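What the coordinates show
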Amino acid sequence: MRYHALLATAALAVFTIACQSPLGFAATGPATAESPPPPGVSAPAMDRAQLLEDLRILAADDMEGRLVATAGSERARAYIIARFEQIGLEPIGDSFESTFEFGRPNGWSPTTTGTNIVARLRGTGESGRVMVVSAHYDHMGMRGGEIWNGADDNASGVAGLLATAASFAAAPPQHDIIFAAFDAEEHGLQGAEAFVANPPVPLETITFNLNLDMLAMSQERILWAVGTYHYPFLIPIVDAVAARSNVNLPMGFDEPSEDHGADWTQATDSGEFHAVGIPFIYLGVDYHPHYHEPTDTYENMTLDFFQDASETVVDFAREADRQLDRIGEASGR
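Residues numbered from 1 in each chain as written. Predicted model: local features only at pLDDT ≥ 70, side-chain atom pairs only at ≥ 80, totals over all residues. Heavy atoms only, no water.

**Looking at the pattern of salt bridges**
Counted by the stated rule, this structure contains 13 salt bridges. As a salt-bridge pair, R120 and E90 come within 3.4 Å of each other at their nearest N and O atoms. Of this pair, R120 sits in strand 3 (residues 112-121) while E90 sits in strand 1 (residues 90-91), placing them 30 residues apart in sequence. Its relative accessible area of 14% is what places R120 among the buried residues. In this structure E90 comes out as partly exposed when scored by relative accessible area, which is 28%. The salt bridge involving R129 is made with D325; its shortest N-O contact spans 3.1 Å. Here D325 lies in helix 9 (residues 324-331) and R129 lies in the loop between strand 3 and strand 4 (130-136), a separation of 196 residues in the sequence. Relative accessible area serves as the criterion here: at 26%, D325 is assigned to the partly exposed category. It is possible to trace a salt-bridge network through shared partners that takes in R48, R221, D308 and E311. (Salt bridge = Lys/Arg side-chain N within 4 Å of Asp/Glu carboxyl O. Helix = DSSP H or I, 4+ residues; strand = E, 2+ residues; numbered from the N terminus. Buried < 20%, exposed > 50% of the residue type's maximum accessible area, 1.4 Å probe, protein only.)

Here it is, written out as structure tokens:
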């Protein structure tokens with residue numbers, strides 16, 4: 001994540017948004033913890049131990065901070081691909097890897113090669129609409145002899161993505177889902193930009209982006225849902241999931257503001273989807289003292305919160321899959 005500002009006021013942390021959108025877009029049913037998955041689909045419980053193992057491995061010292069185009073990045077990529085294969089995802093084409101080139105600022109090098117990791121899980125329906133679940137896997141690498149492990153930013157998002165993929169592999173979605181682990185987010189959302197510029201499926205079929213960036217560190221147990229200012233027809237989905245969640249799921253940080261850092265719309269990869277008119281929700285925590293510091297380590301995460309937040313992510317993805325045709329109708333996609 002690239003936002004650098006400090007922070008929500010207490011008022012933002014407690015505000016509420018009306019449950020009914022002006023478009024009349026409604027949730028599938030009562031917002032209760034008992035809301036079931038689609039008929040015939042029994043969603044399995046998330047593997048909380050595997051979630052922590054994915055986080056620990058991706059944030060380990062031998063990943064060397066997962067800086068784009070380094071050996072640490074390559075090791076992280078190999079791990080993610082192995083987990084995709086273990087879960088049962090398929091590549092789109094011959095490989096899970098999709099390379100792209102970008103210019104680095106400050107004269108580091110004229111071009112750098114990044115590598116996105118992209119997989120697909122086919123849905124049971126025939127609407128043709130696609131959801132993209134994304135999280136960037138790169139981080140800051142090594143600086144001054146210290147490893148910037150990036151446990152929260154964004155090993156946590158990738159671990160949440162893997163948990164979501166495993167849930168859908170066990171109980172298939174209604175729509176095709178693309179799971180994308182983006183590279184070079186820390187260098188200007190480069191991986192997401194390359195994905196949108198050269199999508200693996202027709203861009204017009206991509207109906208919704210659920211982006212995960214920083215899920216693992218919140219003493220206040222707050223996971224922000226960003227994007228409903230731009231797409232108010234998504235409010236009922238957030239409300240329904242929030243009512244079932246074991247974490248706080250307020251909406252905000254997406255309105256235009258002169259306060260630096262108060263609008264996260266372009267702070268992470270979902271900004272590239274928004275730029276081409278694809279509705280998004282970005283789930284992530286607020287700034288904390290370990291953000292973009294070498295102390296962003298597995299040991300410093302609030303792991304109980306992370307597990308509960310990741311269960312909320314999985315629930316959100318399932319709700320979005322159930323509602324994807326309505327999202328498409330409301331957005332004209």
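**Overview of the environment of I87**
By secondary structure assignment, the location of I87 is in helix 3 (residues 71-87). Take I87: its relative accessible area is 14%, and that puts it in the buried class. Considered as a pair, I87 and A163 are 76 residues apart in the sequence and their alpha carbons are 9.3 Å apart. With sequence-adjacent residues up to four places away left out, I87 is seen in contact with L162, A165, A166 and A169. (Contact = heavy atoms within 4.5 Å.)

The quantities given are spatial measurements derived from coordinates; they are silent on function.
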